[in-house]
Amino acid sequence: MDSGVLSFPLTSFHDDGSLDPDGFRAHVAAQLATVPGALFPACGTGEFFSLDEDEYRQVVTIAVEESAGRVPVVAGTGYGWAQAARFARIAEEAGADALLVLPHYLVAAPQDGLVGQLEQIAARTRLPLVAYQRGQVAYTPDSLRRIAGIPNVIGLKDGHSDLDRLQRLTLAAPEGFLFFNGAATAEIQARAYATVGVPAYSSAVHAFAPEIANAFFTALRAGDDKSVDRLLRDFYVPLVELRDRVPGYAVALVKAAARLRGRPVGPVRAPLTDPSPADLADLRTLLATGLDLVGASL
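Residues numbered from 1 in each chain as written. Predicted model: local features only at pLDDT ≥ 70, side-chain atom pairs only at ≥ 80, totals over all residues. Heavy atoms only, no water.

S.K.: Summarise the overall build of the protein chain; cite the residues concerned and give the values.
M.R.: Helix and strand counts for the protein chain come out as eleven helices and eight strands. For the protein chain, whose C-alpha radius of gyration is 18 Å, the value lies close to the compact-globule estimate of 19 Å for 298 residues. Along the longest, intermediate and shortest principal axes, the C-alpha atoms of the protein chain span 50 × 45 × 35 Å. Put simply, the protein chain has 298 residues, and 53% of those count as buried. Partitioning the contacts of the protein chain with sequence separation of at least 6, the portion at a separation of at least 24 is 71%. Roughly 12,100 Å² of accessible area belongs to the protein chain as shown, and the carbon and sulfur atoms make up 53% of that amount. Positive and negative side-chain charges of the protein chain, numbering 26 and 34 respectively, have mean locations separated by a distance of 2 Å. (Helix = DSSP H or I, 4+ residues; strand = E, 2+ residues; numbered from the N terminus. Rg over C-alpha atoms; globule rule 2.2 N^0.38 Å. Buried < 20%, exposed > 50% of the residue type's maximum accessible area, 1.4 Å probe, protein only. Contact = heavy atoms within 4.5 Å. Areas by Shrake-Rupley, 256 points an atom, 1.4 Å probe, with all protein chains shown as cover. Lys, Arg positive; Asp, Glu negative; His and termini not counted. Charge placed at Lys NZ, Arg CZ, Asp CG, Glu CD.)

Put into C-alpha coordinates, the structure is as follows:
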(Lines give C-alpha, C1' and ligand atoms only; values in the text may rest on other atoms or scores of the structure.)
Protein backbone atom coordinates (compact mmCIF):
# COMPACT_ATOMS: atom_id res chain seq x y z
CA MET A 1 0.00 0.00 0.00
CA ASP A 2 2.99 2.34 -0.05
CA SER A 3 3.28 2.09 -3.86
CA GLY A 4 0.94 5.04 -4.36
CA VAL A 5 -1.19 7.63 -2.59
CA LEU A 6 -3.81 6.07 -0.34
CA SER A 7 -7.26 7.17 -1.53
CA PHE A 8 -10.01 8.05 0.94
CA PRO A 9 -13.08 8.61 -1.25
CA LEU A 10 -15.85 10.99 -0.29
CA THR A 11 -19.33 9.61 0.30
CA SER A 12 -21.79 11.18 -2.14
CA PHE A 13 -25.06 12.65 -0.88
CA HIS A 14 -28.00 14.25 -2.67
CA ASP A 15 -28.92 17.83 -1.77
CA ASP A 16 -31.56 16.49 0.63
CA GLY A 17 -28.87 14.56 2.53
CA SER A 18 -29.79 11.09 1.25
CA LEU A 19 -27.10 8.75 -0.05
CA ASP A 20 -26.27 9.06 -3.75
CA PRO A 21 -24.99 5.59 -4.77
CA ASP A 22 -24.55 6.52 -8.44
CA GLY A 23 -22.55 9.61 -7.55
CA PHE A 24 -20.36 7.60 -5.20
CA ARG A 25 -19.75 4.95 -7.85
CA ALA A 26 -18.65 7.61 -10.34
CA HIS A 27 -16.38 9.22 -7.74
CA VAL A 28 -14.75 5.90 -6.85
CA ALA A 29 -14.21 5.05 -10.50
CA ALA A 30 -12.45 8.39 -11.01
CA GLN A 31 -10.27 7.77 -7.94
CA LEU A 32 -9.30 4.30 -9.16
CA ALA A 33 -8.38 5.65 -12.59
CA THR A 34 -5.47 7.50 -10.95
CA VAL A 35 -4.04 4.21 -9.59
CA PRO A 36 -3.96 4.78 -5.80
CA GLY A 37 -2.13 2.39 -3.48
CA ALA A 38 -5.41 1.41 -1.78
CA LEU A 39 -9.01 2.54 -1.39
CA PHE A 40 -10.39 3.43 2.05
CA PRO A 41 -14.20 3.90 1.78
CA ALA A 42 -16.42 4.96 4.69
CA CYS A 43 -13.58 6.36 6.78
CA GLY A 44 -13.19 9.86 8.25
CA THR A 45 -13.08 11.67 4.91
CA GLY A 46 -16.01 9.50 3.80
CA GLU A 47 -18.13 10.62 6.77
CA PHE A 48 -18.34 7.16 8.36
CA PHE A 49 -19.79 8.79 11.46
CA SER A 50 -22.84 9.93 9.42
CA LEU A 51 -23.71 6.59 7.81
CA ASP A 52 -26.29 4.08 8.97
CA GLU A 53 -25.63 0.37 8.45
CA ASP A 54 -27.55 0.08 5.18
CA GLU A 55 -25.75 3.10 3.71
CA TYR A 56 -22.42 1.70 4.90
CA ARG A 57 -23.15 -1.60 3.16
CA GLN A 58 -23.91 0.20 -0.10
CA VAL A 59 -20.75 2.32 0.10
CA VAL A 60 -18.42 -0.60 0.82
CA THR A 61 -20.10 -2.83 -1.77
CA ILE A 62 -19.73 -0.19 -4.48
CA ALA A 63 -16.07 0.34 -3.60
CA VAL A 64 -15.39 -3.41 -3.81
CA GLU A 65 -17.27 -3.74 -7.10
CA GLU A 66 -15.46 -0.82 -8.71
CA SER A 67 -12.06 -1.88 -7.42
CA ALA A 68 -12.55 -5.42 -8.74
CA GLY A 69 -9.41 -6.59 -6.97
CA ARG A 70 -7.12 -3.97 -8.51
CA VAL A 71 -6.23 -2.39 -5.16
CA PRO A 72 -6.99 -3.32 -1.54
CA VAL A 73 -10.28 -2.00 -0.17
CA VAL A 74 -9.96 -1.05 3.50
CA ALA A 75 -13.30 -0.04 5.01
CA GLY A 76 -13.72 2.07 8.12
CA THR A 77 -15.27 0.78 11.31
CA GLY A 78 -15.61 2.27 14.77
CA TYR A 79 -17.65 3.36 17.81
CA GLY A 80 -17.66 0.84 20.69
CA TRP A 81 -16.49 -2.67 19.90
CA ALA A 82 -20.03 -4.11 19.69
CA GLN A 83 -21.06 -1.62 17.01
CA ALA A 84 -17.67 -1.81 15.32
CA ALA A 85 -18.12 -5.56 15.04
CA ARG A 86 -21.48 -5.05 13.30
CA PHE A 87 -19.87 -2.78 10.71
CA ALA A 88 -16.98 -5.24 10.39
CA ARG A 89 -19.39 -8.05 9.59
CA ILE A 90 -21.07 -5.92 6.91
CA ALA A 91 -17.69 -5.02 5.38
CA GLU A 92 -16.67 -8.67 5.37
CA GLU A 93 -19.90 -9.68 3.64
CA ALA A 94 -19.40 -6.90 1.09
CA GLY A 95 -15.95 -8.22 0.18
CA ALA A 96 -13.63 -5.67 1.81
CA ASP A 97 -9.99 -6.71 2.20
CA ALA A 98 -9.34 -5.10 5.59
CA LEU A 99 -10.68 -2.64 8.15
CA LEU A 100 -9.43 0.67 9.52
CA VAL A 101 -10.52 0.86 13.17
CA LEU A 102 -11.37 4.49 13.84
CA PRO A 103 -11.04 5.94 17.36
CA HIS A 104 -13.82 4.80 19.69
CA TYR A 105 -16.65 7.12 20.66
CA LEU A 106 -16.35 9.91 23.25
CA VAL A 107 -14.65 8.49 26.33
CA ALA A 108 -10.99 8.46 27.32
CA ALA A 109 -9.68 4.97 28.10
CA PRO A 110 -6.63 3.34 29.71
CA GLN A 111 -4.16 1.32 27.69
CA ASP A 112 -5.71 -2.00 28.75
CA GLY A 113 -9.03 -0.75 27.39
CA LEU A 114 -7.53 0.37 24.08
CA VAL A 115 -5.98 -3.06 23.63
CA GLY A 116 -9.21 -4.75 24.73
CA GLN A 117 -11.19 -2.80 22.15
CA LEU A 118 -9.09 -4.24 19.33
CA GLU A 119 -9.16 -7.73 20.87
CA GLN A 120 -12.95 -7.70 20.93
CA ILE A 121 -13.25 -6.51 17.31
CA ALA A 122 -10.58 -8.91 16.08
CA ALA A 123 -12.36 -11.84 17.70
CA ARG A 124 -15.45 -11.06 15.64
CA THR A 125 -14.03 -10.69 12.13
CA ARG A 126 -11.69 -12.56 9.83
CA LEU A 127 -10.56 -9.33 8.21
CA PRO A 128 -7.14 -7.79 8.93
CA LEU A 129 -7.34 -4.68 11.12
CA VAL A 130 -5.38 -1.42 11.00
CA ALA A 131 -5.69 0.55 14.24
CA TYR A 132 -6.00 4.33 14.00
CA GLN A 133 -4.51 6.36 16.83
CA ARG A 134 -5.87 9.86 16.94
CA GLY A 135 -7.79 11.99 19.40
CA GLN A 136 -8.29 10.01 22.60
CA VAL A 137 -6.46 6.93 21.26
CA ALA A 138 -2.68 6.84 21.69
CA TYR A 139 -0.78 3.61 22.20
CA THR A 140 2.35 3.13 24.28
CA PRO A 141 5.17 0.92 22.95
CA ASP A 142 4.05 -1.85 25.33
CA SER A 143 0.46 -1.63 24.04
CA LEU A 144 1.75 -1.60 20.47
CA ARG A 145 3.51 -4.91 21.13
CA ARG A 146 0.28 -6.29 22.56
CA ILE A 147 -1.94 -5.26 19.65
CA ALA A 148 0.68 -6.47 17.17
CA GLY A 149 0.33 -9.86 18.84
CA ILE A 150 -3.36 -10.02 17.98
CA PRO A 151 -3.35 -12.33 14.92
CA ASN A 152 -5.31 -10.14 12.51
CA VAL A 153 -4.04 -6.70 13.60
CA ILE A 154 -1.60 -5.80 10.84
CA GLY A 155 -0.83 -2.11 11.24
CA LEU A 156 -1.25 1.31 12.78
CA LYS A 157 -2.31 4.60 11.25
CA ASP A 158 -1.02 7.61 13.19
CA GLY A 159 -2.80 10.95 13.40
CA HIS A 160 -0.97 12.47 16.37
CA SER A 161 2.20 13.56 14.55
CA ASP A 162 4.27 13.05 17.70
CA LEU A 163 7.40 11.78 15.99
CA ASP A 164 9.17 10.92 19.23
CA ARG A 165 6.29 8.64 20.25
CA LEU A 166 5.93 7.29 16.73
CA GLN A 167 9.63 6.37 16.50
CA ARG A 168 9.31 4.44 19.75
CA LEU A 169 6.30 2.61 18.33
CA THR A 170 8.03 1.65 15.09
CA LEU A 171 10.98 0.30 17.07
CA ALA A 172 8.65 -1.73 19.28
CA ALA A 173 6.77 -3.27 16.36
CA PRO A 174 7.55 -6.69 14.90
CA GLU A 175 8.96 -6.97 11.39
CA GLY A 176 6.31 -6.50 8.72
CA PHE A 177 3.91 -4.49 10.89
CA LEU A 178 2.47 -1.66 8.79
CA PHE A 179 2.55 2.04 9.66
CA PHE A 180 0.71 4.89 7.93
CA ASN A 181 0.88 8.65 8.21
CA GLY A 182 -2.70 9.68 8.94
CA ALA A 183 -2.12 13.30 9.91
CA ALA A 184 -4.61 15.86 8.66
CA THR A 185 -3.27 17.00 5.25
CA ALA A 186 -0.58 14.34 5.58
CA GLU A 187 1.65 15.78 2.86
CA ILE A 188 2.68 18.60 5.20
CA GLN A 189 4.50 16.10 7.39
CA ALA A 190 5.25 13.35 4.88
CA ARG A 191 9.00 13.98 4.83
CA ALA A 192 9.18 14.01 8.62
CA TYR A 193 7.21 10.77 8.92
CA ALA A 194 9.49 9.09 6.37
CA THR A 195 12.52 9.84 8.55
CA VAL A 196 11.10 7.60 11.30
CA GLY A 197 10.29 4.80 8.89
CA VAL A 198 6.71 5.69 7.92
CA PRO A 199 6.65 6.58 4.21
CA ALA A 200 3.02 5.58 3.44
CA TYR A 201 0.37 8.24 3.89
CA SER A 202 -3.27 9.04 3.22
CA SER A 203 -4.20 12.02 1.07
CA ALA A 204 -7.43 13.96 1.32
CA VAL A 205 -6.21 16.07 -1.60
CA HIS A 206 -6.35 12.95 -3.77
CA ALA A 207 -10.14 13.01 -3.37
CA PHE A 208 -10.41 16.25 -5.38
CA ALA A 209 -7.06 16.84 -7.09
CA PRO A 210 -5.26 13.54 -7.75
CA GLU A 211 -3.02 15.42 -10.18
CA ILE A 212 -1.60 17.43 -7.27
CA ALA A 213 -1.49 14.50 -4.85
CA ASN A 214 0.30 12.23 -7.33
CA ALA A 215 2.75 14.96 -8.38
CA PHE A 216 3.66 15.50 -4.73
CA PHE A 217 4.02 11.74 -4.14
CA THR A 218 6.27 11.36 -7.18
CA ALA A 219 8.45 14.32 -6.21
CA LEU A 220 8.75 13.10 -2.63
CA ARG A 221 9.77 9.60 -3.64
CA ALA A 222 12.27 10.97 -6.16
CA GLY A 223 13.88 13.24 -3.58
CA ASP A 224 12.90 16.28 -5.64
CA ASP A 225 12.96 18.72 -2.73
CA LYS A 226 12.51 21.76 -4.96
CA SER A 227 9.18 20.49 -6.29
CA VAL A 228 8.08 19.28 -2.86
CA ASP A 229 8.85 22.67 -1.33
CA ARG A 230 7.04 24.53 -4.10
CA LEU A 231 3.89 22.44 -3.67
CA LEU A 232 4.02 22.77 0.10
CA ARG A 233 4.61 26.51 0.06
CA ASP A 234 2.15 27.48 -2.67
CA PHE A 235 -0.62 24.93 -2.17
CA TYR A 236 -0.55 22.67 0.88
CA VAL A 237 0.31 25.23 3.56
CA PRO A 238 -2.34 27.72 2.32
CA LEU A 239 -4.81 24.81 2.19
CA VAL A 240 -4.12 23.99 5.84
CA GLU A 241 -4.56 27.64 6.80
CA LEU A 242 -7.92 27.66 5.02
CA ARG A 243 -8.87 24.33 6.59
CA ASP A 244 -8.19 25.64 10.07
CA ARG A 245 -10.65 28.53 9.77
CA VAL A 246 -13.68 26.41 10.71
CA PRO A 247 -14.05 23.10 12.59
CA GLY A 248 -14.94 20.30 10.21
CA TYR A 249 -13.38 21.92 7.16
CA ALA A 250 -10.97 18.95 6.95
CA VAL A 251 -13.89 17.17 5.29
CA ALA A 252 -16.13 20.03 4.15
CA LEU A 253 -13.38 21.78 2.14
CA VAL A 254 -12.43 18.52 0.46
CA LYS A 255 -16.02 17.95 -0.62
CA ALA A 256 -16.37 21.55 -1.79
CA ALA A 257 -13.17 21.27 -3.83
CA ALA A 258 -14.45 18.05 -5.41
CA ARG A 259 -17.68 19.81 -6.36
CA LEU A 260 -15.66 22.63 -7.93
CA ARG A 261 -14.11 19.98 -10.17
CA GLY A 262 -17.52 18.64 -11.15
CA ARG A 263 -17.38 15.53 -8.97
CA PRO A 264 -20.84 14.25 -7.92
CA VAL A 265 -20.19 14.15 -4.16
CA GLY A 266 -22.87 16.54 -2.91
CA PRO A 267 -22.90 18.36 0.44
CA VAL A 268 -21.64 17.26 3.84
CA ARG A 269 -24.04 15.99 6.45
CA ALA A 270 -24.65 17.74 9.76
CA PRO A 271 -22.95 18.31 12.14
CA LEU A 272 -20.50 19.40 9.42
CA THR A 273 -21.33 22.48 7.35
CA ASP A 274 -20.35 23.43 3.82
CA PRO A 275 -17.90 26.34 3.35
CA SER A 276 -19.09 29.93 3.35
CA PRO A 277 -19.17 31.78 0.01
CA ALA A 278 -16.03 33.73 0.97
CA ASP A 279 -14.13 30.58 1.92
CA LEU A 280 -15.36 28.84 -1.21
CA ALA A 281 -13.99 31.69 -3.33
CA ASP A 282 -10.61 31.38 -1.60
CA LEU A 283 -10.69 27.64 -2.14
CA ARG A 284 -11.37 28.06 -5.86
CA THR A 285 -8.39 30.41 -6.21
CA LEU A 286 -6.09 28.09 -4.27
CA LEU A 287 -7.23 25.04 -6.21
CA ALA A 288 -6.53 26.79 -9.51
CA THR A 289 -3.06 27.69 -8.24
CA GLY A 290 -2.31 24.13 -7.16
CA LEU A 291 -3.48 22.64 -10.43
CA ASP A 292 -1.44 25.16 -12.38
CA LEU A 293 1.67 24.09 -10.46
CA VAL A 294 1.33 20.57 -11.86
CA GLY A 295 0.18 21.55 -15.35
CA ALA A 296 -3.52 20.86 -14.84
CA SER A 297 -6.61 23.05 -14.69
CA LEU A 298 -10.10 23.23 -13.23
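S.K.: Talk me through the environment of P151; I want residue IDs and the actual numbers.
M.R.: Looking at the secondary structure, you find P151 in the loop between α5 (141-148) and β6 (153-158). Looking at P151, the relative accessible area reads 79%, which means it is exposed. Considered as a pair, P151 and G262 are 111 residues apart in the sequence and their alpha carbons are 43 Å apart.

S.K.: Any chance you could break down the packing of aromatic side chains for me, citing the residues and the numbers?
M.R.: Within the structure shown, the criterion is met by eleven aromatic pairs. Taking 6.5 Å as the distance between ring centres and 85° as the angle between the ring planes, the aromatic pair formed by Y201 and F216 counts as edge-to-face. A residue pair is termed long-range when its members are at least 10 positions apart, and Y201 in the loop between α7 (190-195) and β8 (202-203) and F216 in helix α8 (residues 210-222) qualify at 15 residues. Clustering of aromatic rings is evident, with ring pairs tying together Y201, F216, F217, F235 and Y236. In this structure, K157 packs its charged tip against the face of Y132, placed 4.5 Å from the ring centre. (Phe/Tyr/Trp six-rings, centres within 6.5 Å; stacked < 30°, edge-to-face > 60°. Lys NZ or Arg CZ within 6 Å of the ring centre and 35° of its normal.)

S.K.: Lay out the environment of D16 with the relevant residues and their values.
M.R.: With respect to the element layout, D16 can be found in the loop between β1 (6-7) and α1 (21-32). Separated by 238 residues in sequence, D16 and V254 place their C-alpha atoms 19 Å apart. One polar contact links D16 to S18, side chain to side chain, over a distance of 2.7 Å. (Polar contact = N/O pair within 3.5 Å; in protein donor to acceptor, adjacent residues only side chain to side chain.)

S.K.: Quick rundown of the sheet that holds β6? Include the residues and the values.
M.R.: Either a parallel or an antiparallel arrangement is found when strands of a sheet pair, and the pairing is made through backbone hydrogen bonds. Spatially, β3-β4-β5-β6-β7 is the arrangement adopted by the five strands of the open sheet, whose pairing is parallel. Single-partner strands in this sheet number two, and they are β3 (74-77) and β7 (178-181). Within the sheet, the average angular offset between the axes of one strand and its neighbour, ignoring direction, is 25°. Judged from the four bridges that link them, β6 and β7 form a sheet pairing that is parallel. Paired with L156 across the strands is F179, a residue of β7. (Pairing = 2+ DSSP bridges. Axes fitted to C-alpha atoms, helices over the stretch in contact; angles between N-to-C directions.)

S.K.: Can you tell me about the pattern of salt bridges, naming the residues and giving the values?
M.R.: Under the criterion given, the structure shown has 17 salt bridges. Here R233 and D234 are joined by a salt bridge, their closest N and O atoms 3.6 Å apart. (Salt bridge = Lys/Arg side-chain N within 4 Å of Asp/Glu carboxyl O.)

S.K.: Before we move on, could you go through the sheet that holds strand β2 (residues 38-39) and cite the residues and values that matter?
M.R.: Spatial strand order, β2-β1-β8: three strands in an open sheet with parallel pairing. Each of the sheet's edge strands pairs with one partner strand only, and the pair in question is β2 and β8. Taken together, the two bridges between β1 and β8 define a ladder with parallel strand orientation. Note that in β8 the partner of S7 across the bridge is S203.

S.K.: Lay out α8 with the relevant residues and their values.
M.R.: When the terminal C-alpha atoms of α8 are compared, their 18 Å separation across 13 residues agrees well with the 18 Å that a helix rising 1.5 Å per residue should span. Listed in full, the buried residues belonging to α8 are P210, I212, A213, F216, F217, A219 and L220. Packed against the buried residues of α8 are α7, β8, α9 (225-243) and α11 (277-293). Downstream of α8 by one or two residues, G223 has phi in the positive range, about 70°. (Expected span 1.5 Å × (residues − 1).)

S.K.: Can you lay out the packing of helix α2 (residues 53-67) against helix α3 (residues 81-94) for me, pointing to particular residues and giving the numbers?
M.R.: The interhelical angle for the contact between α2 and α3, taken along N-to-C directions, is 35°, at an axis separation of 9 Å. For α2 against α3, the interelement crossing comes out right-handed. Judged by residue contacts, E53, Y56, R57, V60, T61 and V64 of α2 engage Q83, R86, F87, I90, A91, E93 and A94 from α3. Residue composition of the contact of α2 with α3, by class: seven nonpolar, two polar and four charged. (Left-handed = near helix turned anticlockwise from the far one by under 90°. Nonpolar A, V, L, I, M, F, W, Y, C, P; charged D, E, K, R; others polar.)

S.K.: I'd like to hear about the nonpolar core, residue by residue, with values.
M.R.: If you look at the biggest cluster of nonpolar residues, it comprises 66 residues, and the most contacted ones within it are Y56, L100 and I147. Counting residues in hydrophobic clusters, the runner-up holds 38 residues, among them A213, F235, L253 and A256. (Core = buried A, V, L, I, M, F, W, Y, C linked by side-chain atoms within 4.5 Å.)

S.K.: So what about unusual backbone geometry? Which residues, and what values?
M.R.: Omega for the bond connecting A270 with P271 falls within 30 degrees of zero, at 20°, which places this linkage in the cis form. Relative to the assigned elements, P271 resides in the loop between α10 (249-260) and α11. In this structure, E47 is a non-glycine residue whose phi angle is positive, near 55°. Along the chain, E47 falls in the loop between β2 and α2. Positive phi outside glycine occurs at A68, with the angle close to 50°. For A68, the location among the structural elements is in the loop between α2 and β3. Taking relative accessible area as the criterion, A68 reaches 60% and is therefore assigned exposed.

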